[in-house]
Amino acid sequence: YFGSLEHVLSYGFSTFHDRRLKSLHLDRTLMNSQLSESQQFLVAHAVRSYYGNTELLDVAGRPSWIVNEGCYCMMNTLDLSIDQMFFELRMNPWVVRSILDLFRDYYSYVDEVVDPETKQRFPGGLTFTHDVGVRNHFSPKGYSSYERPRYTDCFSYMTQEQLCNWILIAATYTVVAGNDGWIGENRYVFEACLESMLRRDHPSPNQRNGIMGFDSSRCEGGTEITTYDSLDPSLRQSRNSCYIACKCWASYLGLVICLKRCGSTVLAERAMDHATLCASSIQHSAKREGWIPAVLESDKPGFDAVILPAVEGLAYPLFWKEQGLDEARVWIDEDQGPFRDFLLCLRDHVRYAFTSADPSPNRFPDGAIRLSSSTENSWLSKIAIFQYIADRMFRMTFPDADPAHVRWLIEGTAARNAMCDQFESGRMIGSAYYPRVITTQLWWNPPL
């Protein structure tokens, strides 16, 4: 650790030559990749903003990796950690374990779940907070700086999604790092996560469909939201959300990985059964034309929207496959795999989004990609994940989109705010100096 500003400057000058050579090597590697010039710019711009948000802290003698949430300054926001882990596992896998352990030890809690109709409470389970603090101040144990009760939009709880996020980060760390000691130590956590997932579907086993149906008691009359907190109901609502449903499917598969690795084979089979149930429920929600409603309740706002994050859950088994996991190779086999019909359903949904009308409801006039047909609010970090899935799974590319996304960043107010994430019809409206767009790294993703 550095003891003073002078120490920092001295170290910087003494190591400048070596670091410059390493930087030039990284630049050459990126420039020699198969990425377009626009994609290379987006990757390089994102890397700088990511590292500009990071801190390595000594917390009671324990190294703690902190990624600040850009202009909002929240610390280790878990729904950003899930997206940043692909890059972090390539560069510094230990920081992913650090974040997992921090949430497990200090920012987890056990709640109840609430029937949305009767308001009756039932046992819930283990889950995790939205973040660990804000502006270099840690939140009280078991609470985030963001989440508040009695809200139905921004600042409500993200209980289900944060549970999925911890599971998926843990599963991906398991695939990449293969840390058997850590996996064994966390067997009780994986088992508790599975039980919590099941109870958020429905307290009664014979009424479960694999999809979240109950809100957390911490909402206190409010409703859970997703990471898409500033969007409209097509993506903001958590309960019976198509986006969350696909993420739950991936989370059950993640639990299969973790539970099998630590010897809990019976529970691994149970997790697989619910992945199958979840996939079937999503598939049967699809409309005859091929699209899947954003909210799987026909009387709710957002039902008619066509959302691209409906397929976001595919990113995880796709990444696991690319890291050599045999099970994932089977899971996302579109020809003979156990989820063949589900994968074809998701493919049809994406094709519908871009071919059902001209112009497409999921494109902007400048060629940029629009996450939801019902709102002009789009996030570059999530667009990058969608592009990764569309390219690797469905062989769909959008070469005119990347130059449009670059223009969003270099023109207008975004140009002076480093990497920005949140745009409305190309105009920056939030999420300045943001780390999350490091998801662009997925486009350039040989096995680790």
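As the structure is a computational prediction, the values presented were derived from the model and not from experiment.

Draft legend 1. Layout of the overall build of the chain. Across its full length, the chain holds 15 helices and 10 strands. The globule rule puts the C-alpha radius of gyration for 448 residues at 22 Å, and the 21 Å found for the chain is close to it. Seen through its principal axes, the chain has C-alpha atoms that stretch 65 × 55 × 45 Å. Intrachain contacts of the chain at a sequence separation of at least 6 include 68% that bridge at least 24 residues. On the chain, roughly 18,500 Å² of surface is accessible, and the fraction owed to carbon and sulfur atoms is 51%. Averaging the locations of the 43 positively and 54 negatively charged side chains of the chain gives two centres separated by 2 Å.

Draft legend 2. Main features of the sheet that holds strand 9 (residues 422-424). The strand order across the open sheet formed by three strands is 8-9-10, and the pairing between neighbours is antiparallel. This sheet does not close on itself; its edge strands, each paired only once, are strand 8 (377-379) and strand 10 (427-430). The sheet shows a mean angle of 40 degrees between the axes of neighbouring strands, taken without regard to direction. With three bridges joining them, strand 9 and strand 10 adopt antiparallel strand pairing. Each bridged residue has a counterpart across the sheet, and for Phe423 the counterpart in strand 10 is Met428. In this fold helix 14 (residues 380-394) packs onto strand 8 and strand 9, with an angle of close to 65 degrees to the strand it touches most, strand 8.

Draft legend 3. Looking closely at the pairing of strand 3 (residues 108-114). Across the seven residues that make up strand 3, a large majority, five, are buried. Where strand 3 and strand 4 (residues 121-128) come together, six bridges link them in antiparallel fashion. Each residue of the ladder has a partner; that of Tyr109, found in strand 4, is Thr127. Linkage of strand 3 to strand 4, two consecutive antiparallel strands, is achieved through a turn of six residues, within which Lys119 is found at a positive phi near 65 degrees. Sheet topology note: the strand 3/strand 7 (residues 215-216) ladder contains two bridges and is antiparallel. Looking at strand 7, one finds that Val114 is bridged to Asp215.

Draft legend 4. Representation of unusual backbone geometry in the model. Looking along the chain, the bond that leaves Asp358 and enters Pro359 is cis, with omega of 5 degrees. Secondary-structure assignment places Pro359 in the loop between helix 13 (340-355) and strand 8. Phi is positive for Glu220, close to 50 degrees, though the residue is something other than glycine. By the element assignment, Glu220 lies in the loop between strand 7 and helix 8 (233-236). For Glu220, a relative accessible area of 43% translates into the label partly exposed.

Draft legend 5. Seen up close, the pattern of salt bridges. In this structure the tally under the stated criterion is 22 salt bridges. Across the pair Glu327 and Lys260 runs a salt bridge whose closest N-O atoms are separated by 3.6 Å. Residue Glu327 is found in helix 12 (residues 326-331), and its partner Lys260 is found in helix 9 (residues 242-261); the two are separated by 67 residues along the sequence. Since its relative accessible area comes to 44%, Lys260 is described here as partly exposed. The residue Arg427 makes a salt bridge to Glu424 at a minimum N-O spacing of 3.3 Å. Judged by relative accessible area, which is 48%, Arg427 ranks as partly exposed.

Draft legend 6. Representation of a nonpolar patch on the surface in the model. A cluster of nonpolar side chains, contributed by Phe2, Leu5, Val8, Leu9, Tyr11 and Phe13, occupies part of the molecular surface with about 640 Å² of accessible area. Within the fold, Tyr11 resides in helix 1 (residues 5-31).

Draft legend 7. Summary view of the environment of Val295. As for its position among the elements, Val295 is in the loop between helix 10 (265-285) and helix 11 (315-322). Residue classification places Val295 among the buried residues on the basis of a relative accessible area of 1%. Here the alpha-carbon distance between Val295 and Ile244, two residues 51 residues apart in the chain, equals 9.7 Å. Non-local contacts of Val295, meaning those with residues more than four positions away in its chain, are made with Pro233, Ser234, Gln237, Asn240, Lys300, Pro301, Gly302 and Phe303.

Draft legend 8. Examining helix 14 more closely. With 15 residues, helix 14 ought to run about 21 Å at 1.5 Å a step, and its terminal C-alpha atoms sit 20 Å apart, in line with that. Buried residues dominate helix 14, accounting for 13 of its 15 residues.

Draft legend 9. Spatial organisation of the environment of Asp83. Relative to the assigned elements, Asp83 resides in helix 3 (residues 78-91). Judged by relative accessible area, Asp83 falls into the buried class, the value being 0%. Within the structure, the side chain of Asp83 is placed 2.8 Å from the side chain of Arg436, a separation counted as a polar contact.

Draft legend 10. Summary view of the packing of aromatic side chains. Enumeration over the complete set of coordinates arrives at 29 aromatic pairs. Ring geometry for Tyr51 against Phe87: centres 5.8 Å apart, planes inclined by 70 degrees, an arrangement best described as edge-to-face. With Tyr51 in helix 2 (residues 37-52) and Phe87 in helix 3, this pair connects stretches of sequence that are 36 residues apart. A connected cluster of aromatic rings, assembled from ring pairs, spans Phe128, Trp166, Tyr173, Trp182 and Phe190. When the ring centre of Tyr109 is taken as origin, the NZ or CZ atom of Arg218, which lies over that ring, is 3.6 Å away. Above the ring of Tyr143, the side-chain terminus of Arg218 is found at 4.1 Å from the ring centroid.

Draft legend 11. Examining the packing of helix 3 against helix 4 (residues 93-106) more closely. One way to put it is that helix 3 packs onto helix 4 with a least axis distance of 7 Å and a crossing angle of 150 degrees. One element, helix 3, and the other, helix 4, form an angle in the roughly antiparallel class. Judged by residue contacts, Leu78, Ser81, Met85, Glu88, Leu89 and Met91 of helix 3 engage Pro93, Val95, Val96, Ile99 and Phe103 from helix 4. Its residues assigned to classes, the contact of helix 3 with helix 4 comprises nine nonpolar, one polar and one charged.

Rules behind the numbers
- Residues numbered from 1 in each chain as written.
- Predicted model: local features only at pLDDT ≥ 70, side-chain atom pairs only at ≥ 80, totals over all residues.
- Heavy atoms only, no water.
- Helix = DSSP H or I, 4+ residues; strand = E, 2+ residues; numbered from the N terminus.
- Rg over C-alpha atoms; globule rule 2.2 N^0.38 Å.
- Contact = heavy atoms within 4.5 Å.
- Areas by Shrake-Rupley, 256 points an atom, 1.4 Å probe, with all protein chains shown as cover.
- Lys, Arg positive; Asp, Glu negative; His and termini not counted.
- Charge placed at Lys NZ, Arg CZ, Asp CG, Glu CD.
- Pairing = 2+ DSSP bridges.
- Axes fitted to C-alpha atoms, helices over the stretch in contact; angles between N-to-C directions.
- Buried < 20%, exposed > 50% of the residue type's maximum accessible area, 1.4 Å probe, protein only.
- Salt bridge = Lys/Arg side-chain N within 4 Å of Asp/Glu carboxyl O.
- Patch = residues over 30% accessible without salt bridge, like charges linked within 9 Å, V, L, I, M, F, W, Y side chains within 5 Å.
- Expected span 1.5 Å × (residues − 1).
- Polar contact = N/O pair within 3.5 Å; in protein donor to acceptor, adjacent residues only side chain to side chain.
- Phe/Tyr/Trp six-rings, centres within 6.5 Å; stacked < 30°, edge-to-face > 60°.
- Lys NZ or Arg CZ within 6 Å of the ring centre and 35° of its normal.
- Parallel < 35°, antiparallel > 145°, perpendicular 65-115°, else oblique.
- Nonpolar A, V, L, I, M, F, W, Y, C, P; charged D, E, K, R; others polar.

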